[in-house]
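Results of the structural survey
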2 protein chains.
Amino acid sequence: MKRIVIVGGGFGGISVMKGLAGSGEFRVTLVDRNNYNFFPPLLYQLATGFLEVANISYPFRKLMRKMRNSRFHMGEVTGVDTQKNLLLLEDGMLPYDVLIFAVGASTNYFGMENVRAHAMPMKTVNDALELKNHLLLQMEEASKITEISQRRKFLNIVVAGGGPTGVEVSGMLADIRHSVFPKDYPEMAALDSEAGIYLVDGTDAVLKPMSQRSQQDTLKNLTDMGIKVKLQVQVKDYDGETVTFSNGETIVAKTLVWAAGVTCPRFSGMPETAYGRGNRLMVDEYNQVKGLENIYAIGDCALQQHETLFPNGHPQLAQPAIQQGSNLAANLKNQESGSKRRPFKYWDKGSMAIIGRHKAVVDLPGNKTHFRGFIAWFMWLFVHLVSLINTRNMITTLFNWTGAYFSKDQALRMIIHPETKKKNN
Amino acid sequence: MKRIVIVGGGFGGISVMKGLAGSGEFRVTLVDRNNYNFFPPLLYQLATGFLEVANISYPFRKLMRKMRNSRFHMGEVTGVDTQKNLLLLEDGMLPYDVLIFAVGASTNYFGMENVRAHAMPMKTVNDALELKNHLLLQMEEASKITEISQRRKFLNIVVAGGGPTGVEVSGMLADIRHSVFPKDYPEMAALDSEAGIYLVDGTDAVLKPMSQRSQQDTLKNLTDMGIKVKLQVQVKDYDGETVTFSNGETIVAKTLVWAAGVTCPRFSGMPETAYGRGNRLMVDEYNQVKGLENIYAIGDCALQQHETLFPNGHPQLAQPAIQQGSNLAANLKNQESGSKRRPFKYWDKGSMAIIGRHKAVVDLPGNKTHFRGFIAWFMWLFVHLVSLINTRNMITTLFNWTGAYFSKDQALRMIIHPETKKKNN
């Protein structure tokens with residue numbers, strides 16, 4: 001029985017695990033630092049208090065109950081011994097016959113240590129909860145200050161990165177400023193005029209990989225919502241109070257949301273030559289890491305360049321990860337049964353981004369068909385709802401969304417902060 | 001306009017605030033270290049993964065939207081200047097005409113610093129989440145160990161304190177061990193036989209303040225569920241791995257849940273003579289702190305001894321706090337309008353505790369009528385459901401309970417751990 005070890009239980013890891021479930025030829029071990037799978041496209045709703053953790057996450061062990069050939073191992077991977085076929089963990093090691101990296105991408109600060117120390121990333125459930133706590137704490141601090149000029153830094157928000165995450169976070173925060181905060185903070189009457197939400201991107205457009213029409217619609221929507229969009233500008237420094245931009249401008253803000261770039265984690269023992277652009281592991285058309293016979297990589301952390309449409313690899317999104325995962329699972333089974341392996345072929349299902357209430361943009365494959373406004377917003381809600389991992393999450397998410405929609409409000413505004421061992425009286 | 005400052009937004013604080021809402025004569029400021037109210041009787045369901053934070057908590061600012069005369073101030077109280085009528089906070093001060101302490105009780109470790117350092121308390125939302133994370137982490141650690149004798153310490157659980165919290169936590173954990181864990185941890189086949197859940201109390205019964213019949217029913221139920229109840233025994237020391245008892249016995253356990261006693265916080269500037277038994281503030285029949293004209297205390301932190309049935313003060317439960325709060329609000333209004341104040345009179349509505357699935361005990365007032373089993377369990381569910389602070393919380397709690405009941409499962413098993421500012425890649 002082949003021992004398959006999958007590192008990372010995101011879209012890619014779960015997809016390959018599901019593909020191998022029930023197969024008597026494999027014993028699958030999933031390794032993850034968390035004990036749950038989560039749905040990254042809705043992280044920004046966690047950060048803004050519209051959804052809660054349980055809506056967008058699910059325990060691995062519950063997911064794996066019916067996969068008799070699968071086991072879960074919670075742990076932090078440190079490296080690989082490719083000679084002895086051992087995955088090295090902080091607290092032990094796991095032998096493997098086949099190793100699959102599905103570790104996703106992590107936040108890239110481009111070497112700016114100050115930004116790393118003070119900005120708020122948006123890649124994990126903990127990131128999103130920390131951002132939510134931080135945003136609410138800034139509001140509480142501001143509410144204690146009567147001098148408007150003194151409280152501006154608590155209210156200003158800079159969002160770096162005009163991709164879907166940046167657009168969605170800034171749009172959602174603008175919605176909340178209009179509809180929720182005036183009711184909650186009567187001591188600060190006209191929040192909109194006091195402070196701004198700034199969305200900053202180094203390129204000449206927001207949602208750069210989408211169609212030009214989507215970019216233009218989004219820019220117009222964001223501007224109409226009062227968001228100050230700054231293009232062709234990059235964040236150069238941040239000390240926790242002042243954001244300094246590449247054009248020399250500065251903005252005083254206690255909140256810098258960092259959605260400006262990703263990289264991939266490196267693991268000791270993997271050959272340097274295996275890593276390509278963006279620290280992604282270079283793989284062939286079967287997702288096999290170049291030069292390593294029994295090690296594969298899928299999803300965000302894999303750089304696969306055989307498809308002419310994607311010379312720089314596939315986009316770091318859910319769909320390539322899911323599709324590579326199921327293709328890899330099929331190929332592993334084919335190999336066992338002596339059938340031919342199929343090279344990966346990406347099926348582009350289009351892309352979408354939500355901007356605010358009744359506002360979204362959708363590009364169907366090939367960027368030929370474009371939707372916007374209410375219809376795009378409804379498509380976005382539907383696609384994201386049915387993509388959730390199980391019925392329970394769908395029902396509770398639908399409940400929270402319906403409540404938030406009709407009340408123009410979000411209920412989940414508790415600042416919660418468990419510590420490892422708190423000393424109290 | 002009189003400035004009323006309420007410290008603490010629990011049952012008592014919210015009750016007095018609601019009583020004063022809309023009154024043009026008062027400007028009410030609620031001070032709390034958290035930005036939300038929560039429902040302590042269901043904390044143990046948070047710790048065991050049956051409910052989530054949003055089910056049992058609610059943001060103060062949302063609660064106060066319709067109370068035009070009320071403001072919220074998030075902050076940590078350090079003391080009082082009773083001469084200048086100033087409440088001192090970590091980051092400032094608040095002037096008051098009337099000050100009301102409704103700070104509740106906190107965990108009492110009886111001076112045992114080792115226990116404080118290593119045991120898990122159960123008084124706050126953060127406590128409950130930390131306990132849940134801790135319990136799940138112990139299971140993950142145990143699952144990596146193949147030697148049964150080596151993993152026992154991760155699986156053993158000692159619960160100190162046979163009051164409602166201790167009974168409910170140990171009952172719930174026993175239920176989970178039977179119905180959930182065998183499915184989730186196939187690598188540990190017979191969990192029940194491997195390790196124990198111990199419930200320890202220094203007195204000669206569990207649920208000491210309830211009727212003898214309730215005590216006996218509870219003890220029988222707990223024992224039937226496999227819980228090892230140790231009476232007339234106290235925890236004397238705990239180093240994080242070994243619990244040492246007053247009779248010299250020891251149990252190896254990485255988890256010691258501490259529900260064995262409460263005390264009340266002291267504040268600098270308050271006269272020493274104002275504090276009575278259990279650090280509670282001694283108050284007269286109008287909840288006025290003895291010797292201080294414009295300072296009141298209600299609920300767990302108040303020691304009111306004028307009622308002959310309660311020579312040692314009222315029980316530290318929700319009902320006395322709620323009733324004292326509304327009585328105090330009425331008296332403050334009476335005072336303004338020149339009417340006579342009413343001395344507090346406690347209306348005992350009985351008491352109840354849940355032990356497990358279909359198991360609970362209920363004593364109606366005067367301990368004369370007693371229910372047990374399914375009917376008591378159903379009464380418990382109903383009373384706790386309708387006591388939740390708003391409709392949203394009732395609906396989501398009912399949803400989670402119904403799901404858990406029919407699936408004999410709890411869905412909320414994610415280990416979530418936001419830190420203030422995490423350094424990641």
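What you are looking at is a predicted structure, and each value in this text was computed from that prediction instead of being measured.

It is worth spelling out the interface of chain B and chain A at this point. Of the residues lining the interface, 46 residues belong to chain B; the matching set on chain A comes to 46 residues. When contributions to the side of chain B that touches chain A are tallied by element, the ones reaching two or more residues are α3 (53–56), β4 (57–59), α4 (60–63), β5 (70–74), β10 (106–107), α6 (125–143), α9 (181–184) and α14 (391–407) of chain B. In terms of residues, the side of chain B that touches chain A owes the most to one element, α6(B), which gives 7 residues. Grouping the amino acids of the side of chain B that touches chain A by side-chain chemistry returns 15 nonpolar, 14 polar and 17 charged.

A positive phi is found at Asn279(A), a non-glycine position, where the angle reads about 65 degrees. Considering the arrangement of structural elements, one finds Asn279(A) in the loop between β19 (262–263) and β20 (281–283).

For the pair chain B and chain A, the relating rotation is 180 degrees, the translation along its axis is 0.0 Å, and the fit reaches an RMSD of 0.0 Å. The transformation relating the two chain copies, once decomposed into turn and shift, fits a two-fold axis. A symmetric contact is evident, with 100% of the interface residues of chain B recurring at the interface of chain A.

All names here are of chain B. Within the open sheet, the 5 strands sit side by side as β5-β2-β1-β9-β21. Their pairing is parallel. Sheet topology places β5 and β21 (295–297) at the edges, where each strand pairs with a single neighbour. When strand polarity is set aside, the average angle formed by the axes of neighbouring strands in this sheet is 20 degrees.

Residues that lie three or four places apart on an α-helix share one face, since the helix turns once every 3.6 residues. Residues and elements named next belong to chain B. Here helix α11 (residues 212–224) is 13 residues long and its end C-alpha atoms lie 18 Å apart, about the 18 Å a rise of 1.5 Å per residue gives. Buried within α11 are the following residues: Ser214, Asp217, Thr218, Leu219, Asn221 and Leu222. Trailing α11 by a residue or two, Gly226 shows a phi angle of about 90 degrees, which is positive.

Residue and element names in this part refer to chain B. The pairing of strand β15 (residues 235–238) with strand β16 (residues 242–245) spans 3 bridges and is antiparallel. Looking at the pairing, Asp237 lines up with Thr244 of β16. Adjacent in sequence and paired antiparallel, β15 and β16 are bridged by 3 residues, among which Gly240 carries a positive phi angle near 95 degrees.

On to the domain arrangement of chain A, then. Domain parsing of chain A yields domain 1 (2–33 + 75–105 + 264–337) and domain 2 (113–262 + 350–407). A separation of 32 Å is found between the C-alpha centroids of domain 1 of chain A and domain 2 of chain A.

Here we take up the packing of helix α1 (residues 11–20) of chain B against helix α12 (residues 318–337) of chain B. Residue and element names in this part refer to chain B. Where α1 contacts α12, the two axes come as close as 7 Å, and the packing angle between them is 30 degrees. The orientation of α1 relative to α12 falls into the category roughly parallel. α1 and α12 meet at a crossing whose hand is right-handed. Between α1 and α12, the contacting residues are Phe11, Gly12, Ser15, Val16, Gly19 and Leu20 on the first element and Ala318, Ala321, Ile322, Gln324, Gly325, Ser326, Leu328, Ala329, Ala330 and Leu332 on the second. Its residues assigned to classes, the contact of α1 with α12 comprises 10 nonpolar, 6 polar and no charged.

Our focus in this paragraph is helix α1 (residues 11–20) of chain A. All names here are of chain A. Burial within α1 is extensive, with 8 of its 10 residues counted as buried. Tucked inside the fold, the buried residues of α1 contact β1 (2–7), β2 (26–32), β3 (36–38), β5 (70–74), β9 (98–101) and α12 (318–337). Where α1 terminates, the next one or two residues include Gly22, which has phi positive at roughly 85 degrees.

Calculation criteria
- Residues numbered from 1 in each chain as written.
- Chains lettered and ligands numbered in written order.
- Predicted model: local features only at pLDDT ≥ 70, side-chain atom pairs only at ≥ 80, totals over all residues.
- Contact = placed C-beta atoms within 7 Å.
- Helix = DSSP H or I, 4+ residues; strand = E, 2+ residues; numbered from the N terminus.
- Nonpolar A, V, L, I, M, F, W, Y, C, P; charged D, E, K, R; others polar.
- Least-squares fit on C-alpha atoms with pLDDT ≥ 70 in both.
- Pairing = 2+ DSSP bridges.
- Axes fitted to C-alpha atoms, helices over the stretch in contact; angles between N-to-C directions.
- Expected span 1.5 Å × (residues − 1).
- Buried ≥ 20, exposed ≤ 12 C-beta atoms within 10 Å, placed from the backbone.
- Domains from an automatic or database assignment.
- Parallel < 35°, antiparallel > 145°, perpendicular 65-115°, else oblique.
- Left-handed = near helix turned anticlockwise from the far one by under 90°.

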